[in-house]
2 protein chains.
Amino acid sequence: MPVTIYDVAQKAGVGIGTVSRVINNSSQIKDSTKQKVLGVINDLNYQPHIVAQSLARRKTSSIGCIIPFFTGYFFVELLRGIQRKVSFYKHELILYSVDDVSKTETFLKKALDERRVDGLLFVSLDISPEYVRKIKEKNFPIVLLDSYHDELDSIKVNNEDGAFRATTHLINCGYKKIAMINGIMSSLPSITRFEGFKKAIIEADLEYDERYFVQGDCAPDADGFNKEAGYLGMKKLLELGKARPEAIFAASDIQAVGALRAIGEAGLKTPEDIAIIGFDDIELSEHIGLTTMRQPTMRMAGLAMTRLMEKIGSKNDDVFVKRVETELIIRDTCGFNLK
Amino acid sequence: MPVTIYDVAQKAGVGIGTVSRVINNSSQIKDSTKQKVLGVINDLNYQPHIVAQSLARRKTSSIGCIIPFFTGYFFVELLRGIQRKVSFYKHELILYSVDDVSKTETFLKKALDERRVDGLLFVSLDISPEYVRKIKEKNFPIVLLDSYHDELDSIKVNNEDGAFRATTHLINCGYKKIAMINGIMSSLPSITRFEGFKKAIIEADLEYDERYFVQGDCAPDADGFNKEAGYLGMKKLLELGKARPEAIFAASDIQAVGALRAIGEAGLKTPEDIAIIGFDDIELSEHIGLTTMRQPTMRMAGLAMTRLMEKIGSKNDDVFVKRVETELIIRDTCGFNLK
DNA sequence: TTGAAAGCGCTAACAG
DNA sequence: CTGTTAGCGCTTTCAA
């Protein structure tokens, strides 16, 4: 039988209200009684029952995180940053990791209905209009991380600029025939990265060649940002034979990994035969010397949590959008003839 | 104002007890009233308040998972398996990811004291005698995954045999001067993998050379199974000059990655100059063609969860130990002159 | 079968 | 400052 607040109150000779006050170190309390209660709490090794607290306080002190587990490793870095902040705020992290996009809504529904979490971090996934409506209706605290919707708070990376600079780097390295391997075009990052890519090509007065733009072929429940998509995309590009591109901008590092494999299988080398730049800077990229655009994952995670806690505290209504910038990380896959 | 069980009861013209019974589809209930209540629940879009249920039922329907976030990617695969099973059992997953071993106890304490979780999965970490005692005292449901303690339930991989077979593979490939890069020796996997390594060396009548055994140098709060440790360990081995080993058994894939880097920096090649075999088979290993011993992560995670749910259901007392076997995955880093 | 009532363990007015 | 009391929203006897 765990010890309850009543046991403490009785043994300390006070009311449960007083015990509750010292637990929550409320303002007005005589120091002597506070010490007395604290003593008993210690003697009895009393621990408040968090579930009871949640019920009475009408908040759970935990936040949910809906995050994909199929996209590669980018999310792991985000998750690490999130956990850190969640702990900092003395909250719990309830993980809803979706390994199949169809589960996204299942989890959303759970989170919204069951009132088990005070707020939600929604990471790298697309949210349906139906749920946006529900969220607004309930005024449920949520922030999108690495994802965007104009009616909701979000922290996202400047994808267009990142893609622009990635492509520009390739151009600066002296390549002219530049291709892009993208995710499925129904996802926002895909669209904006494509725009940045195209813009760079056009501004450099290079010709935009349709054949140099491939989307990640992938299973219907994935998003095309995985390594299979990269592999398949590269294969397609390689089939162009002599007309094949000299350099590739992959919309994610993990696609770049897949592409690299296809390049290797074709007996080609990087960057001598084909240069490649990725996007994300996941940990693995450093190992393989992949040049890429780094997303500041820790910072993004931190910003998202801070904002979420703010919303939970004061249900204000304005939509907050924070855009962070990417950073070019030059390694070995693009050659050296910079500028 | 969310709708409560009272709203439903009132509108359906029944008592809240009845509503509760249909929610938990209890045995004795007239079908007609059941339908009526169900109808109202649907009309009102009623959702039971999970926190209130937890309090009344005296269980939370959520399980905690204490897992390291610094060891590399092995845990991600475990986590994926865990999440899948947790969802299967319609529970929630509370993540306590430790990025610093000192947090292990903080989280353990939380989990044990606050009664926020019904049980605990304790992954890839060492547990102190003090907490083992507390756990036994409270009869708290816990299962260790990829970790071991003789008084607690555990699912672990047969590390000794895996290390033995890894080393034997190197021997079969024709190498004689074989070294091992290990984690810190205070961790059990390190110890058993070392034993397997040594056993293979001795059974093959090779000489065991002290200099060929290096431990991962690392920050005091890490476990030596990371890539820095692998890198540093390999450096040390390389300093042996002409006496350097021909082949390496790394206790983790991520160490192998670090070692590979050191090898590359020294201008050496794999497997021509130095062969290497890892342990884990994390996703990245496939990309880089690392030969390794695969741990069946999904299976381990599944077994652990199944066992945990069993314990939560029926607090039985016997300690359950399940050992799973590794599988040799031959790729490119060991050469081909097999046997 | 079902309703009423007594908790689950705590917080938060409300009086004093 | 502090005790008392009324919930928080549900489960679970106990009778009927």
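Residues numbered from 1 in each chain as written. Chains lettered and ligands numbered in written order. Predicted model: local features only at pLDDT ≥ 70, side-chain atom pairs only at ≥ 80, totals over all residues. Heavy atoms only, no water.

Q: Give a detailed account of the overall build of chain A, specifying residues and quantitative values.
A: Of the regular secondary structure elements, chain A holds 13 helices and 12 strands. For 339 residues, the compact-globule formula gives about 20 Å, and the C-alpha radius of gyration of chain A, at 25 Å, lies well above that figure. Dimensions of chain A along its principal axes, counting C-alpha atoms only, are 90 × 40 × 35 Å. Taken over 339 residues, chain A has a buried fraction of 55%. When contacts within chain A are restricted to residue pairs at least 6 apart in sequence, long-range pairs at least 24 apart make up 72% of them. For chain A, the accessible surface area stands at approximately 14600 Å², while carbon and sulfur atoms represent 51% of it. Once the 45 positive and 46 negative side-chain charges of chain A are each reduced to a mean point, those two points are 7 Å apart. (Helix = DSSP H or I, 4+ residues; strand = E, 2+ residues; numbered from the N terminus. Rg over C-alpha atoms; globule rule 2.2 N^0.38 Å. Buried < 20%, exposed > 50% of the residue type's maximum accessible area, 1.4 Å probe, protein only. Contact = heavy atoms within 4.5 Å. Areas by Shrake-Rupley, 256 points an atom, 1.4 Å probe, with all protein chains shown as cover. Lys, Arg positive; Asp, Glu negative; His and termini not counted. Charge placed at Lys NZ, Arg CZ, Asp CG, Glu CD.)

Q: Talk me through the interface of chain B and chain A; I want residue IDs and the actual numbers.
A: The interface is formed by 45 residues belonging to chain B together with 45 residues belonging to chain A. Here chain B packs against chain A, burying approximately 4400 Å² in sum over the two surfaces, 54% of which is carbon and sulfur. For the interface between chain B and chain A, the tally reads 8 salt bridges. Between K110 of chain A and E92 of chain B there is a salt bridge, with its nearest N and O atoms 3.1 Å apart. (Buried area = accessible area lost by both parts, 1.4 Å probe. Salt bridge = Lys/Arg side-chain N within 4 Å of Asp/Glu carboxyl O.)

Q: Provide a residue-level description of the relation of the copies chain B and chain A, including the pertinent values.
A: When chain B is fitted to chain A, the best match, at an RMSD of 0.1 Å, comes from turning it 180° and sliding it 0.1 Å along the axis. Viewed as a symmetry operation, the transformation between the two copies matches a two-fold axis. Minimal C-alpha distance to the rotation axis in chain B is attained by I94 of chain B, lying at 2.3 Å. By residue overlap, the copies meet face to face through one surface: 100% of the interface positions of chain B are interface positions in chain A. (Least-squares fit on C-alpha atoms with pLDDT ≥ 70 in both.)

Q: An account of the sheet that holds strand β8 (residues 247-250) of chain B is requested, with residue identities and associated values reported.
A: Residues and elements named next belong to chain B. An order of β7-β6-β8-β9-β10-β12 is seen for the 6 strands of this open sheet, with the pairing classed as mixed. Unpaired on one side and paired on the other, β7 (213-215) and β12 (327-329) mark the two borders of the sheet. With strand direction ignored, the average angle separating the axes of adjacent strands in the sheet is 20°. The sheet contact formed by β8 and strand β9 (residues 275-280) spans 3 bridges and is parallel. By the bridge assignment, I248 is partnered in β9 with I276. (Pairing = 2+ DSSP bridges. Axes fitted to C-alpha atoms, helices over the stretch in contact; angles between N-to-C directions.)

Q: Which residues make up the state of the cysteines, and what values do they have?
A: This structure, assessed with the given rule, holds 0 disulfides over all chains. The thiol sulfur of C334 of chain A is not disulfide-bonded, and the nearest other cysteine sulfur, from C173 of chain A, lies at 5.4 Å. By relative accessible area, which is 1% here, C334 of chain A ends up buried. Cysteine C65 of chain B is unpaired, with the sulfur of C65 of chain A as its nearest cysteine sulfur at 14 Å. (Disulfide = S-S within 2.5 Å.)

Q: Describe in detail the protein's contact with DNA strand D, supporting the description with residues and values.
A: Surveying the vicinity of DNA strand D reveals 30 residues, the closest of which are T18 and R21 of chain A together with I5, S20 and Y46 of chain B. Close to the protein, within 4 Å, the atoms of DNA strand D belong to sugar or phosphate groups at a rate of 62%. One of the side-chain N or O atoms of R57 of chain B is found 3.1 Å from a phosphate oxygen in DNA strand D. Residues of the surface near DNA strand D, tallied by class, amount to 12 nonpolar, 13 polar and 5 charged. (Near = heavy atom within 4 Å. Polar contact = N/O pair within 3.5 Å; in protein donor to acceptor, adjacent residues only side chain to side chain. Nonpolar A, V, L, I, M, F, W, Y, C, P; charged D, E, K, R; others polar.)

Q: Provide a residue-level description of unusual backbone geometry, including the pertinent values.
A: Residue and element names in this part refer to chain A. Between T270 and the following residue, P271, the backbone shows a cis peptide bond with an omega angle of 0°. Relative to the elements of secondary structure, P271 occurs in the loop between α11 (253-265) and β9 (275-280). In this structure, S61 is a non-glycine residue whose phi angle is positive, near 55°. In this model, K90 sits at a positive phi of 55°, which is unusual for a non-glycine residue. Within the secondary structure, K90 is located in the loop between α5 (74-88) and β2 (92-98). With relative accessibility at 66%, the residue K90 sits in the exposed group.

Q: Tell me about the side chain of E92 of chain A, and please be specific about residues and values.
A: Inspection of the secondary structure puts E92 of chain A in strand β2. Only 2.9 Å separates the side chain of E92 of chain A from the side chain of Y96 of chain B, close enough to count as a polar contact. When near neighbours in sequence (up to four residues on either side) are disregarded, E92 of chain A contacts S61, S62, I63 and V86 of chain A together with I94, Y96, K110, E114 and R116 of chain B.

Q: How would you explain the side chain of Q255 of chain B if you had to name every residue and give the values?
A: Residue and element names in this part refer to chain B. Mapped onto the elements of the fold, Q255 is located in helix α11 (residues 253-265). Polar contacts involving the side chain of Q255 include one to the main-chain amide nitrogen of A251, which spans 3.0 Å. Polar side-chain contacts of Q255 include one of 3.0 Å to the backbone nitrogen of S252. With near-sequence residues (within four places) excluded, Q255 lies in contact with I181, N182, G183, G224, F225, N226, K227, G230, Y231 and A250.

Q: Kindly report on the protein's contact with DNA strand C, identifying the contributing residues and their values.
A: Residues in contact with DNA strand C amount to 29 residues; listed here are only the nearest, I5 and Y46 of chain A together with T18, R21 and T33 of chain B. Within 4 Å of the protein, the atoms of DNA strand C are drawn from sugar and phosphate moieties in a proportion of 67%. Within the side chain of Y46 of chain A, an N or O atom sits 2.5 Å from a phosphate oxygen of DNA strand C. Contacts to DNA strand C include K30 of chain B, whose backbone N or O atom sits 3.0 Å from a phosphate oxygen.

Q: Summarise helix α13 (residues 297-313) of chain B; cite the residues concerned and give the values.
A: Note that an α-helix has 3.6 residues per turn; residues three or four places apart therefore point the same way. Residue and element names in this part refer to chain B. The terminal C-alpha atoms of α13, which comprises 17 residues, lie 24 Å apart, in line with the 24 Å expected from a rise of 1.5 Å per residue. For α13, the complete set of buried residues consists of T297, M300, A301, G302, A304, M305, R307, L308, M309, K311 and I312. Tucked into the core, α13 has its buried residues touching β1 (62-68), α5 (74-88), β3 (119-123), β4 (142-145), β5 (153-157) and β11 (321-324). (Expected span 1.5 Å × (residues − 1).)

Q: Outline the packing of helix α2 (residues 16-23) of chain B against helix α3 (residues 31-44) of chain B, supporting the account with residue identities and numerical values.
A: All names here are of chain B. Put simply, α2 and α3 touch, their axes get as near as 10 Å, and they point 85° apart. On the basis of their axis angle, the class for α2 and α3 is roughly perpendicular. Two secondary-structure elements touch here, α2 through T18, V19, V22 and I23 and α3 through K34, V37, L38 and I41. The class makeup of the residues in the contact of α2 with α3 is 6 nonpolar, 1 polar and 1 charged. (Parallel < 35°, antiparallel > 145°, perpendicular 65-115°, else oblique.)

Q: Quick rundown of the pattern of salt bridges? Include the residues and the values.
A: Counted according to the given criterion, the structure contains 38 salt bridges over all chains. With its nearest N and O atoms 4.0 Å apart, the salt bridge here joins E327 of chain A to R294 of chain A. Pair noted here: E327 of chain A is in strand β12 (residues 327-329) and R294 of chain A is in strand β10 (residues 291-294), with a separation of 33 residues, a long-range link. Of the residues examined, E327 of chain A reaches a relative accessible area of 42% and is grouped as partly exposed. A residue is classified by how much of its surface remains accessible, and R294 of chain A, at 31% relative accessible area, is partly exposed. Across the pair D161 of chain B and R165 of chain B runs a salt bridge whose closest N-O atoms are separated by 2.9 Å. Of this pair, D161 of chain B and R165 of chain B both sit in helix α8 (residues 159-172), 4 residues apart, roughly one helical turn. Through salt bridges with shared partners, one network takes in D153, R307, E310 and K311 of chain A.

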